[in-house]
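# Understanding the architecture of this molecule
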Amino acid sequence: DFNHSPGIRRVLRETFGFHNFRSLQLCAINATLSGVDTFVVMPTGAGKSLIYQLPAVFEPRKLTVVISPLLSLSRDQVMSLLKKNIAATMLCGETSREDARDTLHAIRALQLRLLYVTPEKITKSKQLMSALENLYERDALGRFVVDEAHCCSTMGHDFRPDYRKLHILKQRFPQTPILAVTATATARVEKSVCETLLGSAASARHSWVRFRSTFNRPNLVYEVVAKSSAANDQFRELADMIKARFPRQCGIVYCFSRKDTEETAKALVREGIGAAPYHADLDASTKELIHQKWSTYSAAAASAPKAPRGTSQVQLICATSAFGMGIDKPDVRFVVHLSIPKNMEAYCQESGRAGRDGNKAHCVLYYRRPDVLRVSALVSDTANGDQKLLEIVRYCENVVNCRRQFMASVFGEPFDKEKLCQGKCDVCAASAHGNSPSYELFDASAH
Ligand code: ADP
Ligand code: MG
Ligand code: ZN
């Protein structure tokens, strides 16, 4: 049903300033506007927010409620909506009493297009609930958006218990459509998100309309590199690689622990590379400064004759996996994993922060068997943690199959190796050169 398309296109141009929809955005917008429950899976950076922000503007007599796990993400979105003159605000634990009162008033007066809330607010605030019930009775509740919807699932990599309680949305507001969006694609996760949000009875009878875009990122080049056993060798090899292959280019190095981020950054700075650590223990102002320096870093400016020298700039961030949700820097040219991520979904999401601008970018994973044990200790008590970790191990130890193909199979996506990879992974590149990939690579690092 594409009835809404002409009006939607106008809002896209006039309010959002974009000229074209990206793949699946228009279909997903039409689906949710038609009132059906909708599930959208698209890689990070594909443009999922527009799918709920645009309908909110398109239906000016209704409120869109966005449930999002991260305050910082919601805050950024509210700021950018306000800049476009779209009435939006957020309610969270930190909201002052006066602000909350004003917001509740604005909700009832239908002065807001989008309201961002944490899941706790939905489940715990009686005042919010009664304001929403009031809108519901007036047919003025547009839709509930569950952003980062994989947080509903214990199978996902980022389970949040409060997301579980979101089953109350369908119970209390059965006529209000739900739009769930995520970058996590496996069928298991989808099933469990569906059961949480629509209820298990509903999922047997009818499910939601599903939009799933491809996870293949043609501009990313994937490779796995054998990792040395001594820390000093690891740092030197990393520094050499960055200097040789990514001079002055912007990057992210994912490390196993907070301590590792500090040590890696220090080692890189000693080598004259502008690196900084980023993790949860840093105070807020330090984090903000590092993030800001990195966000504004540009290879062109860094190459200019009068650019500040080397390590005073932040060319790359050494981070734990906590860094990244909502990172939207277009010119990240490489993402290195100095230790294995905990599963393929996490790897897809983290490595996917490279090359948002569509230009070529590299995803390099340093692998060494003993690292598997370290990560296993972290994930073995989560559901399917070890099983999912094993997928990453298979990805790394595989020397025969295309890495893209392997990822596609994990996400249940069909794949045509000849067409889709074209030598843009180390395995395909090696076989194109007639080299049989070397098994010794991994034997050497196994001890
Ligand atoms: P996701 O939530 O899928 O990770 P976002 O919604 O944050 O991605 O969008 C990523 C970026 O893409 C944002 O900067 C957004 O403005 C931009 N974007 C989204 N849709 C379009 C479009 N149709 N044309 C151009 N840019 C777009
Ligand atoms: Mg998003
Ligand atoms: Zn390949």
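Here the structure is shown first, and the text comes after it.
Note that the coordinates shown come from a computational prediction; the quantities given were computed from them, not determined experimentally.

Secondary structure assignment for the chain yields 22 helices and 13 strands. Since a compact globule built from 447 residues should have a radius of gyration of about 22 Å, the 23 Å found for the chain is in line with a globular shape. With respect to the three principal axes, the spread of C-alpha positions in the chain is 65 × 50 × 45 Å. Long-range pairs, those at least 24 residues apart, make up 76% of the contacts in the chain between residues at least 6 apart in sequence.

Tracing the sequence through the fold places Pro-370 in helix 17 (residues 369-379). When the 11 C-beta atoms within 10 Å are taken as the criterion, Pro-370 is described as exposed. Placed 40 residues apart in sequence, Pro-370 and Val-410 show a C-alpha to C-alpha distance of 23 Å.

This part takes up the sheet that holds strand 5 (residues 141-146). Within the open sheet, the seven strands sit side by side as 3-4-2-5-6-1-7. Their pairing is parallel. Either end of the sheet is taken by a strand with one partner, and the two such strands are strand 3 (88-91) and strand 7 (209-212). Adjacent strand axes in the sheet meet at a mean angle of 20° when their direction is disregarded. Sheet topology note: the strand 1 (residues 38-41)/strand 7 ladder contains four bridges and is parallel. Across the sheet, residue Thr-38 finds its bridge partner in strand 7, namely Val-209.

Let us now look at the pairing of strand 3. Covered by surrounding structure in strand 3 are Ala-88 and Met-90 together with Thr-89 and Leu-91, the residues of both alternating faces. Bridging between strand 3 and strand 4 (residues 114-117) involves four bridges; their strand directions are parallel. In the sheet register, Ala-88 faces strand 4, and the bridge partner there is Leu-114. Handedness of the β-α-β unit built from strand 3, helix 5 (residues 97-108) and strand 4 comes out right-handed.

Our focus in this paragraph is the site of ligand 1. The full set close to ligand 1 counts 14 residues, and Phe-18, Thr-44, Gly-47, Lys-48 and Ser-49 are the nearest of them. For the shell around ligand 1, the residue count by class is five nonpolar, six polar and three charged.

Where helix 1 (residues 5-14) meets helix 3 (residues 49-58), the axes come as close as 10 Å, and the angle between the chain directions of the two elements is 105°. The orientation of helix 1 relative to helix 3 falls into the category roughly perpendicular. On helix 3, the residues that touch Gly-7, Ile-8, Val-11 and Leu-12 of helix 1 are Leu-54, Val-57 and Phe-58.

The subject of this paragraph is the pairing of strand 4. Every other side chain in a regular strand lies on the same face of the sheet, so the side chains alternate between the two faces. Side chains Leu-114 and Tyr-116 of strand 4 all project onto a buried face; the interleaved residues Leu-115 and Val-117 project onto the opposite face, where all are buried too. Sheet topology places strand 2 (residues 63-67) next to strand 4; four bridges connect them, and they run parallel. Bridge assignment links Ile-67 to a residue of strand 4, and that residue is Val-117.

Relative to each other, helix 5 and helix 7 (residues 126-137) sit at 10°, their axes nearing to 9 Å. Judged on the interaxial angle alone, helix 7 and helix 5 are roughly parallel. Crossing hand, helix 5 versus helix 7: right-handed. Across from Leu-104, Ile-107 and Arg-108 in helix 5, the residues of helix 7 making contact are Gln-127, Leu-128, Ala-131, Asn-134 and Leu-135. The class makeup of the residues in the contact of helix 5 with helix 7 is five nonpolar, two polar and one charged.

Conventions we followed
- Residues numbered from 1 in each chain as written.
- Chains lettered and ligands numbered in written order.
- Predicted model: local features only at pLDDT ≥ 70, side-chain atom pairs only at ≥ 80, totals over all residues.
- Helix = DSSP H or I, 4+ residues; strand = E, 2+ residues; numbered from the N terminus.
- Rg over C-alpha atoms; globule rule 2.2 N^0.38 Å.
- Contact = placed C-beta atoms within 7 Å.
- Buried ≥ 20, exposed ≤ 12 C-beta atoms within 10 Å, placed from the backbone.
- Pairing = 2+ DSSP bridges.
- Axes fitted to C-alpha atoms, helices over the stretch in contact; angles between N-to-C directions.
- Right-handed = clockwise from strand over helix to strand, strands pointing away.
- Near = placed C-beta within 6 Å.
- Nonpolar A, V, L, I, M, F, W, Y, C, P; charged D, E, K, R; others polar.
- Parallel < 35°, antiparallel > 145°, perpendicular 65-115°, else oblique.
- Left-handed = near helix turned anticlockwise from the far one by under 90°.

Structural measurements only, silent on function.
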